[in-house]
Amino acid sequence: MKVAVIQFPGSNCDQDAVWALQQVGLKAELVWHTATKLEGFQAALLPGGFSYGDYLRAGALAKFSPVMQEVRRMAERGNPVVGICNGFQVLTEAGLLPGALLANTNLHFTCKEVFLRVERTDLPFTAGYKPGQVLKIPIAHGEGRYYADSETLERLEQNNQVVFRYAPDPSPNPSVGEGFNPNGSLNHIAGIANEAGNVLGMMPHPERAVESALGSADGLPFFTSLKQALEVVA
């Protein structure tokens, strides 16, 4: 089972993603954005970074990369496709996920640990979590504010497409108070899936939370879940 980690000009979390996938026993290979085929891969991951320098908008140019046609075909076939941070932005720009990621309300690049509540555990990426479980995962973005019109938001909620939400610190002595939403995302949305449930985008970085030495291992079940899902269909 192999996962293609798509490498755009400006990607900077690609090696982190490869390492996290390999930690759970998955084969992962970097695939340059000019690739026109993804044969032999069972899943694709679009990593964080600043593809094409975030010119025009974050992800706006990356959606035209040749490899995105293959990513689209993988998604249409039902293969798992993950976009993390900039990868989430690319997926929305490409129309593979609804909505958009706008500038943080504080107008600053924000890099810190946040808390997420798991809203769905029936997806290839979340089966290793418990419903309502709160995770500690880092973020690093300047344009992470999820936005969609009211009709799209209502549809996302009705279809249970919200996978992760920003949440308060659950500890007895919380370090994060009422400002737990780090970017102003509507409905506190941190990650969503398509209707079929095989395409997921999220702003937080689970690949940077796969061992306690990094501050949290809460991202590890994300990758073990993906491995188990791929083993089922292999």
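Nothing here was measured: the structure is a model prediction, and the numbers come from that model.

Trainee: Please set out the overall build of the chain residue by residue, giving values where relevant.
Mentor: Counting secondary structure elements, the chain contains 5 helices and 11 strands. Projected onto the principal axes, the alpha-carbon positions of the chain cover approximately 50 × 35 × 35 Å. Buried positions account for 51% of the 234 residues belonging to the chain. Contacts in the chain between residues at least 24 apart in sequence constitute 77% of all its contacts with a sequence separation of at least 6. Of the roughly 10100 Å² of accessible surface on the chain, a fraction of 50% belongs to carbon and sulfur atoms. Computing the positive centroid from 18 side-chain charges and the negative centroid from 23, the chain places the two 3 Å apart.

Trainee: How would you explain the environment of A62 if you had to name every residue and give the values?
Mentor: Looking at the element boundaries, A62 is found in the loop between β3 (43–46) and α2 (67–77). Filtering out sequence-adjacent residues up to four positions away, A62 remains in contact with F8, S51, Y52, M68 and V90.

Trainee: Go over the state of the cysteines, please, and point to the residues and values.
Mentor: By definition, a disulfide links the sulfur atoms of two cysteines through a covalent bond. If you walk through the whole model with that rule in mind, you get 0 disulfides. We note that C85 lacks a disulfide partner, and the nearest cysteine sulfur, in C13, lies 6.5 Å from it. Exposure remark for C85: the relative accessible area of 4% places this residue in the buried category.

Trainee: Could you give an account of the packing of aromatic side chains, naming the residues involved and the relevant values?
Mentor: Using the criterion set out here, one finds 4 aromatic pairs in the structure. Taking 6.3 Å as the distance between ring centres and 40° as the angle between the ring planes, the aromatic pair formed by F50 and F109 counts as tilted. With F50 in the loop between β3 and α2 and F109 in the loop between β5 (100–102) and β6 (110–118), this pair connects stretches of sequence that are 59 residues apart. Given a relative accessible area of 36%, F50 falls into the partly exposed group. Considering the side-chain rings of F125 and F222, the 5.9 Å spacing of their centres and the 20° angle between planes classify their relative orientation as stacked. With a gap of 97 residues between them, F125 in the loop between β6 and β7 (134–141) and F222 in helix α5 (residues 220–233) connect regions that are remote in the sequence. Over the aromatic face of F41 sits the side chain of K2, whose NZ or CZ is 4.6 Å from the ring centroid.

Trainee: Outline the pattern of salt bridges, listing residues and values.
Mentor: Oppositely charged side chains can pair when the atoms bearing their charge come close. For the coordinates displayed, the defined rule picks out 10 salt bridges. D16 is the salt-bridge partner of R208, the closest N and O atoms lying 3.6 Å from each other. One end of the pair, R208, is in the loop between β11 (199–202) and α5; the other, D16, is in helix α1 (residues 14–23), with 192 residues separating them in the sequence. Between E231 and K227 there is a salt bridge; the shortest N-O distance is 4.0 Å. In this pair, E231 and K227 are both assigned in helix α5, 4 residues apart and thus about one turn of the helix distant. Judged by its relative accessible area of 40%, E231 falls in the partly exposed class. Residues participating in the shared-partner salt-bridge network are R117, E119, E157 and R165.

About the cut-offs
- Residues numbered from 1 in each chain as written.
- Predicted model: local features only at pLDDT ≥ 70, side-chain atom pairs only at ≥ 80, totals over all residues.
- Heavy atoms only, no water.
- Helix = DSSP H or I, 4+ residues; strand = E, 2+ residues; numbered from the N terminus.
- Buried < 20%, exposed > 50% of the residue type's maximum accessible area, 1.4 Å probe, protein only.
- Contact = heavy atoms within 4.5 Å.
- Areas by Shrake-Rupley, 256 points an atom, 1.4 Å probe, with all protein chains shown as cover.
- Lys, Arg positive; Asp, Glu negative; His and termini not counted.
- Charge placed at Lys NZ, Arg CZ, Asp CG, Glu CD.
- Disulfide = S-S within 2.5 Å.
- Phe/Tyr/Trp six-rings, centres within 6.5 Å; stacked < 30°, edge-to-face > 60°.
- Lys NZ or Arg CZ within 6 Å of the ring centre and 35° of its normal.
- Salt bridge = Lys/Arg side-chain N within 4 Å of Asp/Glu carboxyl O.

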